[in-house]
Amino acid sequence: MDKKESINQFVEAAFNSIEHIERAAAKPFLLSRINGRLLSERGNRWWETASLFIGKPSFAIPGIAILLFVNLTTIAFYTSEPSSAVSEQSVQVSSDEFYYSIASIYDNENPEP
Amino acid sequence: MGFVAVMDLYQNMVYNTALGIVQNETDADDITQEVFVQVYLSIGSFKSDSKLSTWLYRITISKALDHNKKRNRKKRGGLLKSLFGNAEIEKYSPVEFNHPGVQLEQKERASELFAALNQLPDKQKVAFILHKLEGQSHQEIAEIMNKSLYAVEALMGRAKANLKIRLQDYYNKNLSDQ
């Protein structure tokens, strides 16, 4: 038998090898796996919906404007100088409240001549 | 017909078609799940003027071909990385695929046929799989692939001719090596 004939026989055999092929069966518990996938898809969809909503210009631009306004207001509030009178008074009150003086026995019993 | 009934009826059809295209059992299982998730989510878009099986075949084929494209892109990416020395060289060797429905004594020849089938253009590959693995007639394939009967017959003719050429090359090389 020459080589060409042999090759043709192999080719024929390869074509015939799937003549009586049976349908492959899906792996068991497919429904459970599909349920799991559907649950995760729903989770992803919630995030997708939320991110799409946040990303909309009609929501994003006013949102950023409000954030900037709150930040600037806060900075302006804390950096503004308080009036000097109020400041001195408050310092005085604080120092009086926290004045630390203990009368020791030497102060009372050993008066200077 | 409820979703569970549809799944029970068509799961093997979807799995077998996906398996023929991607030639990997884990990937075919993933695609089967994806198909039924899509069916569950978009059953409203199904037009009853075509058969449910035709719709399922279309979804399966589309997902399986997408999967193959992604896999090929990854392979090309890996090859580029290895060329620039960023990654370990991944040697591409096509994994031998054994379809579980093939008779034991035919496994070797069938594996060679599937390897050749994997090198065909997508349309020829799909037409051949639907005909040989799923037993669909040319008319049904024409409906699934949205082509004329004549076009499907031409596709099948080209698929067989290309398979023959590839198999001849393979045996010519391998028989001379022995």
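Up top is the structure.
Since the model is a prediction, treat every value here as computed from it, not as a measurement.

1. Digging into a nonpolar patch on the surface
- A surface patch of nonpolar side chains, about 410 Å² in accessible area, is lined by Ile64(A), Leu68(A), Leu72(A) and Ile75(A).
- Structurally, the position occupied by Leu68(A) is in helix H3 (residues 57–79).

2. Some words on the interface of chain B and chain A
- Across the contact, 44 residues belong to chain B and 29 residues belong to chain A.
- Of the roughly 3,300 Å² buried between chain B and chain A on both sides combined, carbon and sulfur atoms contribute 69%.
- At the junction of chain B and chain A, the tally comes to five salt bridges.
- Of the charged contacts in the structure, one is a salt bridge between Arg23(A) and Glu134(B), with a shortest N-O distance of 2.4 Å.
- Linking chain B with chain A are eleven residue pairs in polar contact (both at pLDDT 80 or more), by the criterion used here.
- Only helix H1 (3–22), helix H2 (25–42), helix H4 (107–117), helix H5 (122–132) and helix H7 (149–177) of chain B provide two or more residues apiece to the side of chain B that touches chain A.
- Ranked by residue count, the leading element in the side of chain B that touches chain A is H2(B), at eleven residues.
- Class assignment for the residues of the side of chain B that touches chain A results in 22 nonpolar, 13 polar and nine charged.

3. A closer look at the nonpolar core
All names here are of chain B.
- Counting residues in hydrophobic clusters, the biggest one holds 62 residues, and the most contacted among them are Phe-36 and Leu-56.
- Of the residues forming this core, the biggest block, eleven residues, is contributed by H1.
- Residues in contact with Leu-56, not counting those within four places in the same chain, are Val-6, Tyr-10, Met-13, Val-14, Val-35 and Val-39.

4. Topic: the environment of Ala142(B)
Residue and element names in this part refer to chain B.
- In this fold, Ala-142 is placed in helix H6 (residues 138–145).
- Residue class for Ala-142 comes out buried when judged on its relative accessible area of 3%.
- Distance from Ala-142 to Leu-130, taken between C-alpha atoms, is 10 Å for residues twelve residues apart in sequence.
- If near-sequence neighbours (up to four positions away) are discounted, Ala-142 is found in contact with Lys-147, Ser-148, Leu-149 and Val-152.

5. Examining the pattern of salt bridges
- Enumeration according to the criterion identifies eight salt bridges over all chains in this entry.
- Between Arg71(B) and Asp27(B) there is a salt bridge, with the nearest N and O atoms lying 3.8 Å from each other. Of this pair, Arg71(B) sits in helix H3 (residues 52–83) while Asp27(B) sits in helix H2; the two residues are 44 residues apart in sequence, bridging distant segments of the chain.
- On the basis of relative accessible area, Asp27(B) is assigned to the buried category, the value being 17%.
- Taken together, the salt bridges that share partners define one network made up of Arg37(A), Asp30(B) and Glu34(B).

The rules we used
Residues numbered from 1 in each chain as written. Chains lettered and ligands numbered in written order. Predicted model: local features only at pLDDT ≥ 70, side-chain atom pairs only at ≥ 80, totals over all residues. Heavy atoms only, no water. Patch = residues over 30% accessible without salt bridge, like charges linked within 9 Å, V, L, I, M, F, W, Y side chains within 5 Å. Areas by Shrake-Rupley, 256 points an atom, 1.4 Å probe, with all protein chains shown as cover. Salt bridge = Lys/Arg side-chain N within 4 Å of Asp/Glu carboxyl O. Helix = DSSP H or I, 4+ residues; strand = E, 2+ residues; numbered from the N terminus. Contact = heavy atoms within 4.5 Å. Buried area = accessible area lost by both parts, 1.4 Å probe. Polar contact = N/O pair within 3.5 Å; in protein donor to acceptor, adjacent residues only side chain to side chain. Nonpolar A, V, L, I, M, F, W, Y, C, P; charged D, E, K, R; others polar. Core = buried A, V, L, I, M, F, W, Y, C linked by side-chain atoms within 4.5 Å. Buried < 20%, exposed > 50% of the residue type's maximum accessible area, 1.4 Å probe, protein only.

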